[in-house]
Amino acid sequence: VFTAEKIRQIIQDYCSSRFQESGLKYSVEWLKEIPEIRLFKNPDSVHVQCKDNGLPKGHEVLKVTFFHKHKPLRSLYVSTKIHVFQNVWVVKKTIHQDEPLSLEKLNLESRDISEIVGAPLTEEIDVKTLIARRTLSQGRVITWRDVREPYCVHKGDPVSVVVRKTNFVIRMQVQALQNGSK
């Protein structure tokens with residue numbers, strides 16, 4: 001007999017092993033009651049799997065499979081919500097479009113990233129080198145979709161253009177028609 005508590009512990013052990021390498025903190029919320037499982041043979045191993053084999057986060061239906069001599073006896077699907085916490089950059093004061101990010105307007109906070117759309121900027125990123133693509137309001141977690149690298153050339157700037165073809169070289173001063181990087 002596998003009690004709900006024992007199945008929860010198996011899932012907790014699975015999550016611990018998955019998150020151990022990443023250094024991220026997590027918590028598991030049980031969305032549905034787990035039934036007690038009775039098996040006609042004693043399983044010699046139990047395998048837990050999430051849908052994409054990546055780090056489980058957000059709403060996850062975990063597959064718990066009981067094996068005896070490498071043959072599956074029974075599978076159970078457990079509905080969970082896995083909260084993943086990471087230090088991310090959060091807007092302290094509104095940052096306007098095309099404004100450089102500054103530490104005075106940002107906080108590094110531990111937030112649940114399981115429901116964030118896009119990849120959040122983490123503490124390893126030098127945010128002072130980035131520019132806001134759009135206005136970022138107070139309390140928002142900053143993602144890579146919200147920022148860009150600074151432009152090397154701005155629309156209207158004078159630019160030198162050099163075209164080379166075998167023994168032929170053209171050099172001219174032109175005006176940039178749009179912003180550009182690299």
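See above for the structure.
Criteria and thresholds
Residues numbered from 1 in each chain as written. Predicted model: local features only at pLDDT ≥ 70, side-chain atom pairs only at ≥ 80, totals over all residues. Heavy atoms only, no water. Helix = DSSP H or I, 4+ residues; strand = E, 2+ residues; numbered from the N terminus. Contact = heavy atoms within 4.5 Å. Patch = residues over 30% accessible without salt bridge, like charges linked within 9 Å, V, L, I, M, F, W, Y side chains within 5 Å. Areas by Shrake-Rupley, 256 points an atom, 1.4 Å probe, with all protein chains shown as cover. Salt bridge = Lys/Arg side-chain N within 4 Å of Asp/Glu carboxyl O. Phe/Tyr/Trp six-rings, centres within 6.5 Å; stacked < 30°, edge-to-face > 60°. Buried < 20%, exposed > 50% of the residue type's maximum accessible area, 1.4 Å probe, protein only. Lys NZ or Arg CZ within 6 Å of the ring centre and 35° of its normal. Pairing = 2+ DSSP bridges. Expected span 1.5 Å × (residues − 1). Arc of directions from axis to C-beta.

Thoughts on the environment of Ile37
Part 1 of the argument: On the secondary structure map, Ile37 appears in the loop between strand 1 (25-30) and strand 2 (45-49).
Part 2 of the argument: Distance from Ile37 to Val117, taken between C-alpha atoms, is 36 Å for residues 80 residues apart in sequence.
Part 3 of the argument: Look past the residues within four positions of Ile37 in its chain and what remains in contact with it is Val1, Phe2, Ile7, Phe66, Arg74 and Leu76.

What to know about a nonpolar patch on the surface
Part 1 of the argument: Together, Val163, Phe168, Ile170 and Met172 give the surface a local cluster of nonpolar side chains, amounting to about 370 Å² of exposed area.
Part 2 of the argument: The element that contributes the greatest number of residues to the nonpolar patch is strand 9 (residues 168-175), accounting for three residues.
Part 3 of the argument: Residue position: Ile170 is located in strand 9.

Considering the packing of aromatic side chains
Part 1 of the argument: What the rule picks out here adds up to two aromatic pairs.
Part 2 of the argument: Here the aromatic rings of Phe2 and Phe66 are separated by 4.8 Å at their centres, their planes lie at 55 degrees, and the arrangement is tilted. Taken together, the residues span a long stretch of sequence, with Phe2 in the segment before helix 1 (4-20) and Phe66 in strand 3 (residues 58-68) at a distance of 64 residues. You'll find Phe2 and Phe66 in the same group, each marked buried.
Part 3 of the argument: Here the guanidinium or amino end of Arg8 rests over the ring plane of Trp30, the centre of that ring lying 5.8 Å away.
Part 4 of the argument: The ring centre of Tyr151 lies 3.7 Å from the NZ or CZ of Arg148, which sits over that ring.

Brief notes about the pairing of strand 4 (residues 71-91)
Part 1 of the argument: Pairing analysis gives six bridges linking strand 1 to strand 4, with the strands arranged antiparallel. In the sheet register, Ser27 faces strand 4, and the bridge partner there is His83.
Part 2 of the argument: Where strand 3 and strand 4 come together, 11 bridges link them in antiparallel fashion. Bridging from a neighbouring strand, Phe67 pairs with Pro72 of strand 4.
Part 3 of the argument: Here strand 3 folds back onto strand 4 in antiparallel fashion, the turn holding two residues, of which Lys69 has a positive phi close to 50 degrees.

Points about helix 1
Part 1 of the argument: With 17 residues, helix 1 extends 24 Å between its outermost C-alpha atoms, agreeing within 8% with the 24 Å of an ideal straight helix rising 1.5 Å per residue.
Part 2 of the argument: Every buried residue of helix 1 is accounted for by Ala4, Ile7, Ile10, Ile11, Tyr14, Cys15 and Phe19. Summarising the axial view, the buried residues of helix 1 lie within an arc of 160 degrees, below the 170-degree limit, and thus occupy one face. Of the exposed residues in helix 1, those oriented more than 90 degrees away from the buried face are Glu5 and Gln20.
Part 3 of the argument: Against the buried residues of helix 1 lie strand 1, strand 2, strand 3 and strand 4.

Focus: the pattern of salt bridges
Part 1 of the argument: Enumeration over the complete set of coordinates arrives at nine salt bridges.
Part 2 of the argument: A salt bridge links Arg8 to Glu5; the shortest N-O distance between them is 3.3 Å. With a gap of three residues between them, Arg8 and Glu5 both fall in helix 1, about one helical turn apart.
Part 3 of the argument: Here Arg8 falls in the partly exposed class, since its relative accessible area comes to 23%.
Part 4 of the argument: Several salt bridges converge on common partners, so that one network encompasses Arg134, Arg140 and Asp146.

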